[in-house]
Amino acid sequence: MPWIDACSTSDIDEEDLIRWDHAGKTFAIYHAPDGAFFATAGLCTHEQVHLCDGLVMGTLIECPKHNGQFDYRTGEAMRAPVCVNLKTFPVKVEGGRVFVEVA
Amino acid sequence: MGRRDYSPFGADARRAVESGLAAAEWYHTDVPRKVMKDLMARSDQPAIRDTIILYASMVLFAGIGIALWPSWWSAPFWLAYGVLYGSASDSRWHECGHGTAFRTPWMNNAVYQIASFMIMRNPATWRWSHARHHSETYLVGRDPEIAVMRPPELAKLILNVFGVIDVIRFIPTLIRNAVSGPTPEEKTFVPESEWGKVRRAAIVHLAIYVATLALAVWMQSILPLMVIGLPRMYGAWHHIMTGLLQHGGLADNVIDHRLNSRTVLMNPISRFIYWNMNYHVEHHMFPMVPYHALPRLHEIMKADLPPPNRSIAEGFAEMWPAIRRQVLNEDYFIRRDLPPTAKPYREDFHQQVPGMMRPAAAE
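Residues numbered from 1 in each chain as written. Chains lettered and ligands numbered in written order. Predicted model: local features only at pLDDT ≥ 70, side-chain atom pairs only at ≥ 80, totals over all residues. Heavy atoms only, no water.

Q: Tell me about the overall build of chain B, and please be specific about residues and values.
A: Scanning chain B for helices and strands turns up 18 helices and 0 strands. Taking 21 Å as the expected radius of gyration for a compact globule of 363 residues, we find that chain B reaches 21 Å, a close match to that expectation. Each principal axis of the C-alpha distribution contributes one length, and for chain B these read about 65 × 40 × 40 Å. Here chain B, with 363 residues, has 55% of them falling under the buried criterion. A separation of at least 24 residues holds for 71% of the contacts in chain B among residues at least 6 apart in sequence. When the accessible surface of chain B is totalled, it reaches about 15800 Å², and 66% of it is carbon and sulfur. One finds the centroid of the 37 positive side-chain charges in chain B at a distance of 3 Å from the centroid of its 32 negative side-chain charges. (Helix = DSSP H or I, 4+ residues; strand = E, 2+ residues; numbered from the N terminus. Rg over C-alpha atoms; globule rule 2.2 N^0.38 Å. Buried < 20%, exposed > 50% of the residue type's maximum accessible area, 1.4 Å probe, protein only. Contact = heavy atoms within 4.5 Å. Areas by Shrake-Rupley, 256 points an atom, 1.4 Å probe, with all protein chains shown as cover. Lys, Arg positive; Asp, Glu negative; His and termini not counted. Charge placed at Lys NZ, Arg CZ, Asp CG, Glu CD.)

Here it is as structure tokens:
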């Protein structure tokens, strides 16, 4: 699968995320407190709300609608009302750019 | 629109789904991301302080009430204990259910479980009903937490000031949940993976009530029930009063919380009991903002909201005549003017969908 140039590392504050749309799909790209970057599907698995308006706390993303939480590193659903895990995508950083491998 | 059908299996529920209303995107006031991140930040300190005050006050008031029992001098202390047990537990259930009161998850869960017991709500069932209330606020047939169904039954609303209707509904549901898990209605919003939790919580709650009742029989006194159970009735008035103000008399079947929710400025004691949920438009639009940050959020977004009611009395003066009017005309609702700085109401859905509320219904 190709690596897609998604954004600059400076586009996302530490402990925050942005929405990234590509090929008709929506994704969320995260900048963790330790400086690492991660990518997941952009919509909550509970009611398809965009996660980009949510809150990043450490390694968790909290959905803005119902406060369900996922570990964005693994996609694991951590707090109700989310029960279904979030799809994750490989990420690499090269030359100050964030690349996502979109499967 | 005609007679509303509040059943989750009824015509209004089907129409909300088929029309796209149930899945529509709601209006949100523009708040810069950095400001919202600051508002959403979690903290343990305010909720630890408030929880210590709450539980210490309950122990103190109940202790004095027991010491003075059965004298009438104990009555003021029972009234104070009751409002903390039967009303403050509603806001603690609510805020800890959202997971926003404390930063530390186990603290949210501990207070949520205790508050769920006191307010007589199954902690598993009601977590899901409230999620639906936020997804589909006051959509007829879809929102399981509509406090004032139209046409309003005023006698029931008044009886519920003492928790009568809530408790009458709670007891058979508790027994049914303990015996066989969620009811068919509850299964419409509780996922199957959670049904076991519903049953387990009901068994624990039922066991506590049976033990309390047995103690009362053994002591030949209602004193144990004055501490556990009855305060849900004699102390319910405050959460009913504030709860009715949340959406009472306003629009249903809309996708703009400024049309169906009410912000009311209140005195500090009511705000402590209610944990700032008087900022209700703000809470519904941004449920990730903790209760202690809602006054700041209100200041930031008030230019986009209808002016808040300035007191509980003013809120009731607006709401109660509208509820009475809905007895005869269930399509009536209050439509409040927005300030010139606000974006217009999002009314696209209910102007276009046949059978949905029409603004012409307001007068």
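After that view, the rundown keeps rolling.
Q: Which residues make up the packing of aromatic side chains, and what are the values?
A: One pass over the full model with this rule turns up 11 aromatic pairs over all chains. Both rings, one in Phe27 of chain A and one in Phe89 of chain A, keep their centres 5.0 Å apart while their planes meet at 75°; by these two values the pair is edge-to-face. Within this pair, whereas Phe27 of chain A is found in strand β3 (residues 25–31), its partner Phe89 of chain A is found in strand β9 (residues 88–89), the two being separated by 62 residues in sequence. A relative accessible area of 10% means that Phe89 of chain A is categorised as buried. By the ring-pair criterion, three or more aromatic residues cluster together here, those being Trp69, Trp78, Tyr81 and Tyr85 of chain B. It is Arg92 of chain B that lies over the ring of Phe272 of chain B; its NZ or CZ is 4.9 Å from the centre. (Phe/Tyr/Trp six-rings, centres within 6.5 Å; stacked < 30°, edge-to-face > 60°. Lys NZ or Arg CZ within 6 Å of the ring centre and 35° of its normal.)

Q: With reference to specific residues and values, describe the sheet that holds strand β6 (residues 60–62) of chain A.
A: All names here are of chain A. Spatial ordering of the open sheet is given by β5-β6-β7-β8, a layout of 4 strands whose pairing is antiparallel. Strands at the two margins of the open sheet, each flanked by one partner only, are β5 (55–57) and β8 (76–79). Averaged over all pairs of adjacent strands, the angle between strand axes in this sheet comes to 30°, irrespective of strand direction. Here 3 bridges tie β5 to β6, and the two strands are oriented antiparallel to one another. When the bridges of β6 are listed, Leu55 appears paired with Glu62. (Pairing = 2+ DSSP bridges. Axes fitted to C-alpha atoms, helices over the stretch in contact; angles between N-to-C directions.)

Q: Residues and numbers for the interface of chain B and chain A, please.
A: Between chain B and chain A, the residue contacts involve 22 residues of the former and 22 residues of the latter. For the pair chain B and chain A, the summed buried surface comes to about 1700 Å²; carbon and sulfur atoms form 47% of the total. Looking at the side of chain B facing chain A, the largest losses of area belong to Arg33, Lys37 and Met288 of chain B, adding up to 31% of the total buried there. Taken together, chain B and chain A are joined by 4 salt bridges. Applying the counting criterion to the chain B and chain A interface returns 14 residue pairs in polar contact (both at pLDDT 80 or more). (Buried area = accessible area lost by both parts, 1.4 Å probe. Salt bridge = Lys/Arg side-chain N within 4 Å of Asp/Glu carboxyl O. Polar contact = N/O pair within 3.5 Å; in protein donor to acceptor, adjacent residues only side chain to side chain.)

Q: Requested: an account of the pattern of salt bridges, with residues and values cited.
A: Inspection of the entire model under this criterion finds 27 salt bridges over all chains. Here Arg19 of chain A ties to Asp21 of chain A by a salt bridge, and the two come within 3.2 Å at their closest N and O atoms. Each of the salt bridges in this network shares a partner with another, and the network as a whole consists of Arg4, Arg150, Asp252, Glu330 and Asp331 of chain B.

Q: So what's going on with the sheet that holds strand β2 (residues 16–22) of chain A? Residues and values would help.
A: Residue and element names in this part refer to chain A. Taken together, the 4 strands give an open sheet; going across it, the order is β2-β3-β4-β9, and neighbouring strands pair in antiparallel fashion. At either margin of the open sheet sits one strand with a lone partner, and together these are β2 and β9. For β2 and β3, the ladder comprises 7 bridges, and the chain directions are antiparallel. In the strand pairing of β3, Leu17 is matched with Tyr30.

Q: Could you give an account of the pairing of β3 of chain A, with specific residues and numbers?
A: All names here are of chain A. Of all 7 residues in β3, 6 are buried, a share of seventy percent or more. Hairpin connection, β2 to β3: the antiparallel pair is bridged by 2 residues, and Ala23 has positive phi, about 50°. Inspection of the sheet shows β3 paired to strand β4 (residues 37–41) by 5 bridges, in the antiparallel sense. By the bridge assignment, Phe27 is partnered in β4 with Ala41. Turn length for the β3-β4 hairpin, with the two strands adjacent in sequence and antiparallel, is 5 residues, and the turn residue Gly35 shows positive phi of about 95°.

Q: Now, about the confidence of the model for chain B: what can you tell me, with residues and values included?
A: On average, residues of chain B score 93 in pLDDT, and 95% of them are at 70 or above. Below a pLDDT of 50 lies the segment residues 352–363 of chain B, which in the model reaches 32 contacts outside its immediate sequence neighbourhood of four places, other chains included. (pLDDT = per-residue confidence, 0-100.)

Q: Residue-level account of unusual backbone geometry, with values.
A: Following Ala80 of chain A, the chain continues into Pro81 of chain A via a peptide bond in cis, with omega recorded as 10°. In this structure, the amide linkage connecting Arg150 of chain B to the following residue, Pro151 of chain B, adopts the cis form with an omega of -5°. Positive phi, normally seen in glycine, also occurs at Gln220 of chain B, with a value near 55°. Turning to its location among the elements, Gln220 of chain B is positioned in the loop between α9 (195–219) and α10 (223–227). With a phi angle near 50°, Trp275 of chain B is a residue other than glycine that sits in the positive phi range. Residue placement: Trp275 of chain B occurs in the loop between α14 (268–274) and α15 (280–285). Judged by relative accessible area, Trp275 of chain B falls into the buried class, the value being 1%.

Q: Go over helix α6 (residues 123–135) of chain B, please, and point to the residues and values.
A: All names here are of chain B. In this model, α6 (13 residues) spans 19 Å end to end at C-alpha, consistent with the 18 Å of a helix rising 1.5 Å per residue. Among the 13 residues that make up α6, 12 are buried, leaving the element largely enclosed by the rest of the structure. Along α6, the residues that are buried comprise Pro123, Ala124, Thr125, Arg127, Trp128, Ser129, His130, Ala131, Arg132, His133, His134 and Ser135. (Expected span 1.5 Å × (residues − 1).)

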